[in-house]
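# What the coordinates show
Below are the chains, spelled out letter by letter.
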Amino acid sequence: MSIENRGTVKVENGRYRVKGNFHYIYPNDPIRNSKGELLGVTNPRDVTHIHTYGGEAPFFENLSKGKLLATKCTNSKCDAHNSIFIPYRIHCPDCLQRCKQVDITALAQRGASVHTFMITERTGAFNTLETPIRFVNVEFEGIATILMGYLSVGEPKIGMKVVPIFQTKNPTFTIMDLSWVPKGTSESDLPEGFSF
Amino acid sequence: MIKFSKQQLKIPQMSKPVYLVTGGMSKFDRAIPEKRTEELVIDAFLEAAEFIKKSPEELKSYIHSCYYGHFADHFGDQLLGEAVIHDRLGLDPLGNVGVKTGGATGGSTIWEAYKAVASGYSDAALAMGWERMDEVPTDEGNHYIASAADKDWETPMGHIYTGYYAVMAQKYWQVFGKEEDSFRRTLAEIAVKNKGYARMNPHAQSPMKITVEDVLNSPVVAHPLRALDCCLMSVGASCVILADEETAYKLTDNPLLIYSAAGSHTLRVADRRNMDIPLLPNETPDQYKDLGKRFPGGDRYPGFTGFLAARMAAYYAYGMAGIVDPNEDLDLVELHDAFTISDIQTYEDIGIRPYGEGRTYVESGECYHTNPLTGKPGKLPANLSGGLIGNMHAVGATGIMQVVEVAQHIWGRWGEMHGDEAKWKLFNRTKPDDWTNLQVKGAKRGLAISHAGVGSHVTATILMHPDHKLERKA
């Protein structure tokens, strides 16, 4: 069965307005043992979910513009005052006040470093990365947290300097729009659609 | 920097003591297409009833509230599966609730039942856990498991939970393992041990007689972890009945004292912030001052190398049970060996060894039933069930299985429950000719650690024979 008229969503007047198909129906099949006895059935389905980024939406929007945003606690009475968080936290984990958005693109471009990494051929269903996958956990100077991402060029090593690249052409508006390459990588070596 | 308040560090004080009365388990396997989940749950319950020579009806008559551990609704493809199980067990109209804390679901289910009894809400409670991971192929299963990571920040990357774990393994491997071949072999020894112990367990899914070389030659999953370093995906169920003192002694003449506590930490490892190491009773404030010098890169705590949730669960549980040094006060442990390397990390988190020195627990031979270096009983045998690597990881059932296993040692009935020919036949499995009774002789106290994801939830459950109760220190 072909997937036609895949569902899309807009928000109008504070409500989701959906258009197209959000599920597709496929016939089920019996499951039998070697004697031909019925044990069960398959239950196929194809469902499109709707998901809001809420207060994190600016982070994902800005990846498509080549910007890396973090957040900062600006509550002078909080123990975490001036702590910068990436992953982007809408609220400070200590005082729960709304954090201030900060642009750390330039800081990251000066060179973040690999805190740890892993390389695997294994993936789960719906994976879109080429294998082997190279995860890198990236440490930034003066930032309280260590961001997970994936390396698109070269082999990872603890301590290596990396810089962010962004999928600004045909962005997916997901975390996949952010990747990392070793510092000094040339523009021509970047994956299709990515730029510094 | 995370700081804890005095109130947050309070050792829990329950209103009354809680006892473990009985427990049971189903067969565990990668797939059990011939049985519905409720059939497996009833298998576990019937074993628990038979263990104390009660009919199911009589045992049920004591149960007042029910706690159901079932992590993954999407694996089971049944929302409110707890209500289905509750009905099939014939326990309506008792109150019941589902518990979901990832890999720690089993432990958390016991934690909930424990509090229900300790508070006086129920005189006796059922904690039952199960998981059905065979109704999607492995790729889809990996995606489902990866859904337990952050759906926006992690899951889209590979849809592979092992990968989110492996970054921690890599850091520990380099910082504390120093990338040494000897450390890699120590990791492999854990898999050899646990797969080997699974051979003595009729419930176990993956019994294997293997060598260190077999582990080192198995396919790479994510360096340095190989296929035989990793836990199983399983189907099965397990349960325990907890009760207050009066009820417990009505049901059996030999109940065990139980203590249960929990800790947590960030779902995303990325969000971990630096802090001082919270100390356990067998550690000293200056013990870790030179940790970064001895292990360069190891001074960031918990960083990517420690499980703060496990440390906090142990901190609370040790305080509640009067444990000062797990090596001296416990006789066996069942740990959450999701991966060989995380098993070693846990030895440190729960104070079996200091941070940085986890490998010595294996290398000393003290984690074995019989220490291979001395031929004498291991000081603190670990995962004689086969653990998650050899026995099973039917997520909601795992933490409960661990407690049942520990209890059977303290009851002195491990051999009876694992050596029975009829059980091997019932499970369509062959009892090995060299089957060995792994009963820990004279076991009085034991510990089970149930652990979720990259350390988001961890429970510590301590069992103790009432004749060997320890005095609470504070």
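Computed from a predicted structure; not experimentally measured.

A count of helices and strands for chain A gives two helices and 15 strands. Taking 196 residues into account, the globule formula puts the C-alpha radius of gyration at 16 Å, and chain A, at 22 Å, lies well above it. Once the C-alpha set of chain A is aligned to its principal axes, its extents read approximately 65 × 45 × 35 Å. Residues classed as buried in chain A amount to 41% of the 196 residues present.

Time to look at the environment of Gly375(B). Relative to the assigned elements, Gly375(B) resides in the loop between α15 (359–363) and α16 (387–390). Taking the C-alpha atoms as reference, Gly375(B) lies 9.5 Å from Gly365(B); in sequence the two are ten residues apart.

You can read the domains of chain A as domain 1 (8–47) and domain 2 (54–195). Relative to domain 2 of chain A, the C-alpha centre of domain 1 of chain A lies at a distance of 34 Å.

All names here are of chain B. One number sums up the size of the second largest pocket: a volume of about 770 Å³. In terms of lining, the second largest pocket is formed by 36 residues, of which the most central are Ile 145, Thr 162, Cys 231, Met 233 and Phe 339. Among the secondary structure elements, those contributing two or more residues to the lining of the second largest pocket are α6 (138–146) and α7 (161–175). Considering only residue class, the lining of the second largest pocket consists of 20 nonpolar, 13 polar and three charged.

Further remarks concern the environment of Leu242(B). Residue and element names in this part refer to chain B. Relative to the helices and strands, Leu 242 is located in strand β7 (residues 235–243). You can call Leu 242 buried: its relative accessible area is 0%. Once the C-alpha coordinates of Leu 242 and Lys 115 are considered, the two residues, 127 residues apart in sequence, prove to be 10.0 Å apart. Excluding residues that lie within four positions of it along the chain, Leu 242 makes contacts with Val 18, Tyr 19, Leu 20, Ile 110, Ala 113, Tyr 114, Val 117, Asp 123, Ala 124, Ala 125 and Ile 258.

Between its first and last C-alpha, helix α8 (residues 181–198) of chain B extends 26 Å over 18 residues, near the 26 Å set by a 1.5 Å rise per residue. Within α8(B), 13 of the 18 residues are buried, which leaves the element mostly enclosed by the surrounding structure.

What follows covers the packing of aromatic side chains. Scanning all chains against the criterion turns up 22 aromatic pairs over all chains. By way of ring pairs, the aromatic residues Tyr53(A), Phe59(A), Phe60(A), Tyr88(A) and Trp153(B) are connected into one cluster. Directly above the ring of Trp111(B) sits Lys115(B), whose terminal nitrogen or CZ lies 3.4 Å from the centroid. Residue placement shows Lys431(B) over the ring face of Trp435(B); its charged tip is 4.6 Å from the ring centre.

This next bit is on the interface of chain A and chain B. Facing 44 residues of chain A, the contacting portion of chain B comprises 35 residues. Both sides of the chain A and chain B interface together cover about 3,500 Å² of buried area, and 61% of this is carbon and sulfur. Joining chain A to chain B, the criterion identifies 15 residue pairs in polar contact (both at pLDDT 80 or more). Mapped by element, the contributors of at least two residues to the side of chain A that touches chain B are α1 (57–63), β10 (112–120), β11 (133–139) and β12 (146–150) of chain A. If one sorts the elements of the side of chain A that touches chain B by residue count, β10(A) sits on top with six residues. The class makeup of the residues in the side of chain A that touches chain B is 25 nonpolar, eleven polar and eight charged.

Tallied over the full model, the rule gives 38 salt bridges over all chains. Arg273(B) serves as the salt-bridge partner of Asp94(A), at 2.9 Å between the closest nitrogen and oxygen. With Asp94(A) in the loop between β8 (84–85) and β9 (100–103) and Arg273(B) in the loop between β8 (256–264) and α11 (291–294), this residue pair bridges two chains. Between Asp73(B) and Lys100(B) there is a salt bridge, with its nearest N and O atoms 3.2 Å apart. Note that Asp73(B) is positioned in helix α3 (residues 73–76) and Lys100(B) in the loop between β3 (95–99) and α5 (105–118), a separation of 27 residues in sequence. One salt-bridge network, in which partners are shared between bridges, spans Arg89(A), Asp150(B), Arg268(B) and Asp271(B).

Here we come to the nonpolar core. The biggest cluster of nonpolar side chains holds 184 residues, and the ones touching the most others in it are Phe59(A), Leu68(A), Phe140(A), Trp180(A), Leu126(B), Met128(B) and Leu242(B). A per-element tally of this core places helix α12 (residues 308–321) of chain B first, with twelve residues. The residues touching Phe140(A), leaving out its near neighbours within four places in the chain, are Leu68(A), Ile86(A), Ile104(A), Leu107(A), Ala108(A), Ala112(A), Leu147(A) and Trp180(A). Of all hydrophobic cores here, the second largest spans seven residues; its members include Ala188(B), Ala191(B), Ile210(B) and Leu216(B).

Residues and elements named next belong to chain A. Bridging between strand β1 (residues 8–12) and strand β2 (residues 15–19) involves five bridges; their strand directions are antiparallel. Among the inter-strand pairings, Val 11 is bridged to a residue of β2, identified as Tyr 16. Where β1 hands over to β2, the hairpin turn is made up of two residues, of which Asn 13 adopts a positive phi near 55°.

The next thing to look at is the sheet that holds β7(B). Residue and element names in this part refer to chain B. Pairing is mixed across the open sheet formed by nine strands, whose spatial order is β3-β2-β4-β7-β1-β8-β11-β10-β9. Looking along the sheet, the strands with just one partner apiece sit at the ends: β3 and β9 (332–334). The mean inter-strand angle of the sheet, taken between neighbouring strand axes irrespective of direction, is 25°. Bridge count between strand β2 (residues 65–69) and β3: five bridges; the pairing is parallel. Pairing of Ser 65 across the sheet is with Gly 95, part of β3.

Evaluated as defined, the whole model comprises two cavities of 30 Å³ or more. Of the voids in this model, the largest cavity is the one considered here, and its volume is about 50 Å³. Forming the boundary of the largest cavity are Phe176(B), Ile277(B), Leu291(B), Gly298(B), Arg300(B), Tyr301(B), Pro302(B), Thr305(B), Gly306(B) and Tyr355(B). Looking at side-chain class alone, the lining of the largest cavity contains six nonpolar, three polar and one charged residues. Of the volumes computed, that of the second largest cavity is approximately 40 Å³. Taken together, Asn137(A), Met148(A), Glu154(B), Tyr164(B), Val167(B), Val269(B), Ala270(B) and Phe304(B) make up the lining of the second largest cavity.

Rules used throughout
Residues numbered from 1 in each chain as written. Chains lettered and ligands numbered in written order. Predicted model: local features only at pLDDT ≥ 70, side-chain atom pairs only at ≥ 80, totals over all residues. Heavy atoms only, no water. Helix = DSSP H or I, 4+ residues; strand = E, 2+ residues; numbered from the N terminus. Rg over C-alpha atoms; globule rule 2.2 N^0.38 Å. Buried < 20%, exposed > 50% of the residue type's maximum accessible area, 1.4 Å probe, protein only. Domains from an automatic or database assignment. 1 Å grid on protein atoms, 1.4 Å probe; cavity = no way out; pocket = protein on both sides within 12 Å on 5 of 7 lines; lining within 4 Å. Points joined across faces, edges and corners; volume = space filled by probe spheres on them. Nonpolar A, V, L, I, M, F, W, Y, C, P; charged D, E, K, R; others polar. Contact = heavy atoms within 4.5 Å. Expected span 1.5 Å × (residues − 1). Phe/Tyr/Trp six-rings, centres within 6.5 Å; stacked < 30°, edge-to-face > 60°. Lys NZ or Arg CZ within 6 Å of the ring centre and 35° of its normal. Buried area = accessible area lost by both parts, 1.4 Å probe. Polar contact = N/O pair within 3.5 Å; in protein donor to acceptor, adjacent residues only side chain to side chain. Salt bridge = Lys/Arg side-chain N within 4 Å of Asp/Glu carboxyl O. Core = buried A, V, L, I, M, F, W, Y, C linked by side-chain atoms within 4.5 Å. Pairing = 2+ DSSP bridges. Axes fitted to C-alpha atoms, helices over the stretch in contact; angles between N-to-C directions.

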